[in-house]
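Summary of structural features
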Amino acid sequence: MPQAARADDPPVPPEGIGRGIKHLAYSDMAGHPDSVQLMLNRNHLYVGHMFSDGVTILDVSDPRKPKPVNFFTAGEYTRTHHLQASDDLLLVANGANIVAMQSYSDQRGYFENTLADSISKRKNFRSGLSIHDISTPGEMKEIAFLEMPGLGINRLSWMGGRYAYVSAHFDGFTDHCLCIVDLQEITRPVIVSKWWIPGMNRAAGEVSTAPKGKRYALHHMIVAGKLGYGAWRDGGFTIHDVSDPAQPRLLSHITWSPPFPGGTHTPLPLPGRNLAVVADEANAEKCAKGMFPIFVLDVRAPENPVTIATMPVPRDRAYCAAPGTFGPHNLHENRPGSMQSEETIFATYNAGGVRVFDIRDQFAPKELAYWIPPAPAKLIDPRPNVALAAKSADLYVTKDGLIFTTDWNAGLHVLEYQG
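What counts, and at which threshold
- Residues numbered from 1 in each chain as written.
- Predicted model: local features only at pLDDT ≥ 70, side-chain atom pairs only at ≥ 80, totals over all residues.
- Heavy atoms only, no water.
- Helix = DSSP H or I, 4+ residues; strand = E, 2+ residues; numbered from the N terminus.
- Contact = heavy atoms within 4.5 Å.
- Areas by Shrake-Rupley, 256 points an atom, 1.4 Å probe, with all protein chains shown as cover.
- Lys, Arg positive; Asp, Glu negative; His and termini not counted.
- Charge placed at Lys NZ, Arg CZ, Asp CG, Glu CD.
- Buried < 20%, exposed > 50% of the residue type's maximum accessible area, 1.4 Å probe, protein only.
- Pairing = 2+ DSSP bridges.
- Salt bridge = Lys/Arg side-chain N within 4 Å of Asp/Glu carboxyl O.
- Axes fitted to C-alpha atoms, helices over the stretch in contact; angles between N-to-C directions.
- Disulfide = S-S within 2.5 Å.
- 1 Å grid on protein atoms, 1.4 Å probe; cavity = no way out; pocket = protein on both sides within 12 Å on 5 of 7 lines; lining within 4 Å.
- Points joined across faces, edges and corners; volume = space filled by probe spheres on them.
- Nonpolar A, V, L, I, M, F, W, Y, C, P; charged D, E, K, R; others polar.

**Details of the overall build of the chain**
Along its length, the chain carries two helices and 29 strands. Taking the principal axes of its C-alpha atoms as reference, the chain extends roughly 55 × 45 × 45 Å. Within the chain, contacts between residues at least 6 apart in sequence are counted, and of these 55% link residues at least 24 apart. Counting every atom, the chain has about 15,700 Å² of accessible surface; 49% of that belongs to carbon and sulfur. Taken together, the 39 basic and 43 acidic charged side chains of the chain have centroids lying 2 Å from each other.

**So, the pairing of strand 8 (residues 83–86)**
What you see with strand 8 is no split at all: Leu83 and Ala85 on one side and Gln84 and Ser86 on the other are buried throughout. With four bridges joining them, strand 8 and strand 9 (residues 89–96) adopt antiparallel strand pairing. Each residue of the ladder has a partner; that of Gln84, found in strand 9, is Leu91. Taken together, strand 8 and the strand that follows it, strand 9, pair antiparallel across an intervening segment of two residues, in which Asp87 is found at a positive phi of about 55°.

**Topic: the pattern of salt bridges**
A complete count under the given rule lists 16 salt bridges for this structure. For Asp394, the salt bridge identified is with Arg155, shortest N-O distance 3.3 Å. One end of the pair, Asp394, is in strand 27 (residues 392–397); the other, Arg155, is in strand 12 (residues 152–157), and 239 residues separate them in sequence. For Arg383, the salt bridge identified is with Asp381, shortest N-O distance 2.6 Å. Each member of the pair Arg383 and Asp381 is classed as buried.

**Comments concerning the sheet that holds strand 1 (residues 17–19)**
With antiparallel pairing, the four strands of this open sheet are ordered in space as 1-26-25-24. Single-partner strands in this sheet number two, and they are strand 1 and strand 24 (344–348). When the angles between neighbouring strand axes are averaged without regard to direction, this sheet yields 20°. When strand 24 meets strand 25 (residues 354–358), the two strands line up antiparallel, connected through five bridges. Within strand 25, the position partnered with Ala347 by the bridge is Arg355.

**Brief notes about the side chain of Asn97**
You can see Asn97 is positioned in the loop between strand 9 and helix 1 (98–101). A relative accessible area of 3% places Asn97 in the buried class. In contact with Asn97, not counting residues within four places along its chain, are Met50, Phe51, Asp53, Tyr77 and Arg79.

**A closer look at the side chain of Ser392**
As for its placement among the helices and strands, Ser392 is situated in strand 27. In this structure Ser392 touches His329, Thr348, Tyr349, Asn350, Gly353, Val354, Pro373, Thr406 and Asp407, once residues within four positions along its chain are discounted.

**Let's talk about the state of the cysteines**
Under the counting rule described, the total for this entry stands at one disulfide. Cys287 shares a disulfide with Cys320; S-S distance 1.9 Å. Between Cys287 and Cys320, the disulfide has an S-S torsion of -75° and is therefore left-handed. Placement of the pair is Cys287 in the loop between strand 21 (275–280) and strand 22 (294–298) and Cys320 in the loop between strand 23 (306–310) and strand 24, with a sequence separation of 33 residues. Here Cys287 and Cys320 have matching classes, each one buried. Free of any disulfide, Cys177 has its nearest neighbouring cysteine sulfur in Cys179, separated by 6.9 Å. On the basis of relative accessible area, Cys179 is assigned to the buried category, the value being 0%.

**Overview of empty space enclosed by the protein**
A full pass over the atoms with the stated rule returns four cavities of 30 Å³ or more. In this model, the largest cavity occupies a volume close to 150 Å³. Around the largest cavity, the lining is made up of 16 residues, and of these Met50, His81, Tyr110, Glu281 and Trp408 lie nearest the centre. In terms of residue class, the lining of the largest cavity is made up of six nonpolar, six polar and four charged. The volume enclosed by the second largest cavity comes to roughly 90 Å³. What lines the second largest cavity is a set of 13 residues, and nearest its centre among them are Glu285, Thr325, Val386, Ala387 and Lys391. Residues belonging to the lining of the second largest cavity are distributed by class as follows: four nonpolar, five polar and four charged.

Written as structure tokens, this is what we have:
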């Protein structure tokens, strides 16, 4: 339920407000503060941008003094906001700068309309997967590009190895679907399969089953072993058998919108415990759609996943009464080389900042720590009717507890988890 305004919510200072998390440093990304996903390689961060068509590279060998050292762009109107790094390689999503090509009245327009039907100002852009050599710190050398005719890639998951799991829009489809890419020959990536919710392939005569105002689209899939866990925005949550990448086989598909608002965003498998943590992305200001949960699921029977708990909703401030979007955005994804835990879950929470949860008892999660960022100095988001408020977007947690976290209007913060 929306919270009543409280007189005891003090202004947030530049270093934020934390409990169990210490603020170490801030960077405005050399004038590109619209930061989203970030990857760490050889003491350098590679940060994708939401609006400014590029990737900023920062030297964080001294995390208290992050230093922007380079900027890569795939060209005007080509958004490269999501990326994945492993083994001195960087995979980068290339696609339409959606905000620059659509006429939205507010941020909800993006979340409540089918992608293929909402482009109103189409420009030239690059659509597909680019692969870069990042063995030289601070540099990106493109070594391959896999074209995907359509509106491009939203997000991808690649923890190293032969296959990348890509959320891509192709011509003829209503929105992003699953595309599995074989990287065995790294300079010649090949698409080996696609999968989508029935109704998304308009070119084949399929008719969408999505209710008006609901968007069925793969945000991304994360794979653990032979199982792929997919988040389909308002279309729910899937588990696939991907032991044969050329033929991903659906094992289960569940939806919880309605009654919950939807926006399923991040599916984090915890294979050692037969659990999955699934975050729904909040996408309305002042809690106008209600609360977006982070679910805990029992996936011992992958053909029948069961929700068993939700993370506690932060109540340290009157977030729903304040400007901005309050609720989950993303989870730290337990990447190889980073902090990996099946008991401690790190999340970004938009205006609620960074949240750390304890799920040792999976039926009774509790909050361990949090950090609230200050509001940005100005909006970078060009959409109208968007509040000037903090918007914590993504995070990467190192083995020793450093947290690099982005705000898509306000740059990069470096934190230290003290748990």
